[in-house]
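Residue strings, one per chain:
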Amino acid sequence: METTLALLVLISIAVAVSVKWAVNLANFVWFNPRKLEKFLRSQGLNGNPYRPFFGDLKEMTKVINAEQKRSIRLSDDTCPHVFAYYHDILNKYGENSFWWFGPWPKLNIVDPELIKEILKKPDVFKKPLPEVGKILTSGIVLLEREKWAKHRKIINPAFHLHKLKNMVPTIGLSCSNMIHNWKSIISNSNNEGGWSEIDVWPHLEDLTGDVISRTAFGSRHEQGTRIFHLQRERSKLTMQLLQLSFIPGWRYLPTKLNKKVRAINDEIESLLRGIVDERQKALERGDVVASDDLLGILMESNSRFVDEFGNKNKGMSIEDVIGECKLFYVAGSETTSCLLVWTMVLMCKHPEWQTLAREEVIRVFGNSEPSFEGLNQLKTVSFS
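Scoring rules and cut-offs
- Residues numbered from 1 in each chain as written.
- Predicted model: local features only at pLDDT ≥ 70, side-chain atom pairs only at ≥ 80, totals over all residues.
- Heavy atoms only, no water.
- Helix = DSSP H or I, 4+ residues; strand = E, 2+ residues; numbered from the N terminus.
- Buried < 20%, exposed > 50% of the residue type's maximum accessible area, 1.4 Å probe, protein only.
- Contact = heavy atoms within 4.5 Å.
- Areas by Shrake-Rupley, 256 points an atom, 1.4 Å probe, with all protein chains shown as cover.
- Phe/Tyr/Trp six-rings, centres within 6.5 Å; stacked < 30°, edge-to-face > 60°.
- Lys NZ or Arg CZ within 6 Å of the ring centre and 35° of its normal.
- Pairing = 2+ DSSP bridges.
- Axes fitted to C-alpha atoms, helices over the stretch in contact; angles between N-to-C directions.
- pLDDT = per-residue confidence, 0-100.
- Salt bridge = Lys/Arg side-chain N within 4 Å of Asp/Glu carboxyl O.
- Polar contact = N/O pair within 3.5 Å; in protein donor to acceptor, adjacent residues only side chain to side chain.
- Arc of directions from axis to C-beta.
- Core = buried A, V, L, I, M, F, W, Y, C linked by side-chain atoms within 4.5 Å.
- Parallel < 35°, antiparallel > 145°, perpendicular 65-115°, else oblique.
- Left-handed = near helix turned anticlockwise from the far one by under 90°.
- Nonpolar A, V, L, I, M, F, W, Y, C, P; charged D, E, K, R; others polar.

For the rest of this paragraph, the subject is the overall build of the chain. Assigned secondary structure in the chain consists of 16 helices and three strands. By the burial criterion, 29% of the 384 residues in the chain qualify as buried. Sequence separation of 24 or more characterises 62% of the internal contacts of the chain that already satisfy a separation of 6 or more. Per element, the accessible surface of the chain, about 24600 Å² overall, is 59% carbon and sulfur.

Given below as structure tokens:
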């Protein structure tokens, strides 16, 4: 009798848990999205009808993949190519529109005044922190309020102009290596007239990674280069994870993709911890530490911050410093390489500006290596 009663209790608990799980799943997949859709449409926003579970992701992936394979001319409008799916949604439903990332609607905000209003209210419109985003980046970009202010105060000295100008020769070395590589490709080509067609994008990606590795870690730039390549591989894998990130707990499952991402994370963490620990021990011993790279400046600034408040808890932890080092690559690599390749595209599109830029650089530097003082004299090729 007691055994039967215990079994009935267990069955009742299992049924109750199953019913609760089923109700939560139904709310997650159907009822909550439909409720949100009804509310958005009542506010005058339009978009595709909600499709269970995936929303617009399948269609978005199809459009983006098709657009990536398509070549465009310099005279073409680039917006439909770069922002293919968003462009389709805006054309179809107008500026007051939304699209579905799984069961969550995403609003298209294009009105500058509305954007300004949103940015004025950080307590209401907080930074979105998707779990998959934490794989890709870390550091100050994920922080809020007092911790964000503290990190900004500590990091700021690393980007003062008088510090950055000391890095110009280092940046010039990376650029010279890339140009030398291009010249070697051309000289080894079998084309008559000594010319060769070069896909500059991978070279520019490597350039920005090399610049960050040298300026961030100085003599340890070889480990920095390894970190850059790992970060780039992880970014590609994270884009695959993103397609299923709306499934709760998906990134914790022992899938082949998740295992690969974790292995890369562990190696990045190990390399960065080794570099940062080495610098920290040198600071604690009172050794003279190079402060002409970003990590050295950051750690010296952190040390001064700690001395000012007299409490180590007031500064950045080793984990915080490692997080900011990861952000150096994420924030500075692809953004800069995209800027460079887009600059080259525009110069090809407007050869008269290419001629002006070339003449100015030759006039200011001649055959000499670029210097910070010379850069200040450039007007056409301005970095301001």
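Time to look at the packing of aromatic side chains. Counted by the stated rule, this structure contains seven aromatic pairs. Aromatic pair Tyr-86 and Trp-99: ring centres 5.6 Å apart, planes at 85 degrees, arrangement edge-to-face. Of this pair, Tyr-86 sits in helix α4 (residues 84–93) while Trp-99 sits in strand β2 (residues 97–101), placing them 13 residues apart in sequence. For Trp-99, a relative accessible area of 7% gives the class buried. Centre to centre, the rings of Phe-98 and Trp-100 are 5.8 Å apart; their planes meet at 90 degrees, and the pair counts as edge-to-face. Classification of Trp-100 by relative accessible area gives buried; the value is 0%. Grouping aromatic residues by their ring pairs yields a cluster made of Trp-30, Tyr-50, Phe-98 and Trp-100. The side chain of Lys-58 reaches across the aromatic face of Phe-54, ending 4.7 Å from its centre.

This brings us to the sheet that holds strand β1 (residues 46–47). Read from one edge to the other, the open sheet built from three strands follows the order β1-β2-β3, with strand pairing classed as mixed. Two strands lie at the open edges of the sheet, namely β1 and β3 (104–108), each paired on one side alone. As paired strands, β1 and β2 are joined by two bridges and run parallel to one another. If you follow Gly-47 over to β2, its bridge partner there is Phe-98. Contacting β1, β2 and β3, α4 crosses the sheet at an angle of about 135 degrees to β2.

Residues of the chain with pLDDT of at least 70 account for 89%, and the chain-wide mean is 81. At the level of individual helices and strands, the chain shows its lowest average pLDDT in helix α6 (residues 131–136), which scores 59, and its highest in β1, which scores 92.

A few words on the pattern of salt bridges. Within this structure, the stated rule accounts for 17 salt bridges. The shortest N-O distance in the salt bridge between Glu-37 and Arg-41 comes to 2.9 Å. With Glu-37 and Arg-41 both in helix α1 (residues 2–42) and four residues apart, the pair spans about one turn of that helix. Of the residues examined, Arg-41 reaches a relative accessible area of 33% and is grouped as partly exposed. Each of the salt bridges in this network shares a partner with another, and the network as a whole consists of Glu-269, Arg-273, Glu-319 and Lys-326.

Our next topic: the pairing of β3. In the sheet, β2 pairs with β3 via five bridges, with the strands oriented antiparallel. Residue pairing in the sheet places Trp-100 in a bridge with Pro-105 of β3. Adjacent in sequence and paired antiparallel, β2 and β3 are bridged by two residues, among which Gly-102 carries a positive phi angle near 65 degrees.

The next subject is the environment of Ile-115. Along the chain, Ile-115 falls in helix α5 (residues 112–119). For Ile-115, the contacting residues outside a window of four places in its chain are Ile-109 and Val-110.

Attention now goes to the pairing of β2. Along β2, five of the five residues are buried, which leaves the element largely enclosed by surrounding structure. The two faces of β2 match: Ser-97, Trp-99 and Phe-101 on one face and Phe-98 and Trp-100 on the other face are all buried.

On to the side chain of Thr-208, then. Looking at where Thr-208 falls in the secondary structure, it is placed in helix α10 (residues 200–217). Overall, the relative accessible area of 4% leaves Thr-208 in the buried class. Here the side chain of Thr-208 touches Glu-205 through a polar contact of 2.9 Å, landing on its backbone oxygen. Once residues within four sequence positions are removed from consideration, Thr-208 is found in contact with Ser-333, Thr-336, Ser-337 and Leu-340.

Now for α4. When α4 is considered as a whole, its buried residues turn out to be Ala-84, Tyr-85 and Ile-89. Axial view of α4: buried residues confined to an arc of 130 degrees, hence all on one face. Tucked into the core, α4 has its buried residues touching α2 (57–68), α3 (79–82), β2 and β3. Once α4 finishes, Gly-94 follows within two positions and takes phi at roughly 85 degrees, a positive value.

This next bit is on the nonpolar core. Core analysis: the biggest nonpolar cluster contains 32 residues, and Phe-217, Leu-295, Val-321 and Cys-325 have the highest contact counts within it. Mapped by element, the contributors of at least two residues to this core are α7 (145–155), α10, α11 (221–242), α12 (256–285), α13 (294–309) and α14 (318–349).

Running from N to C, α12 and α13 cross one another at 50 degrees; their axes reach a closest spacing of 11 Å. Our classification of the angle between α12 and α13 gives oblique. In terms of crossing hand, the pair formed by α12 and α13 is right-handed. Between α12, through Ile-275, Val-276, Arg-279, Gln-280 and Leu-283, and α13, the contact on the second element is made entirely by Leu-295, Gly-296 and Met-299. Looking at the contact of α12 with α13, its residues break down into five nonpolar, two polar and one charged.

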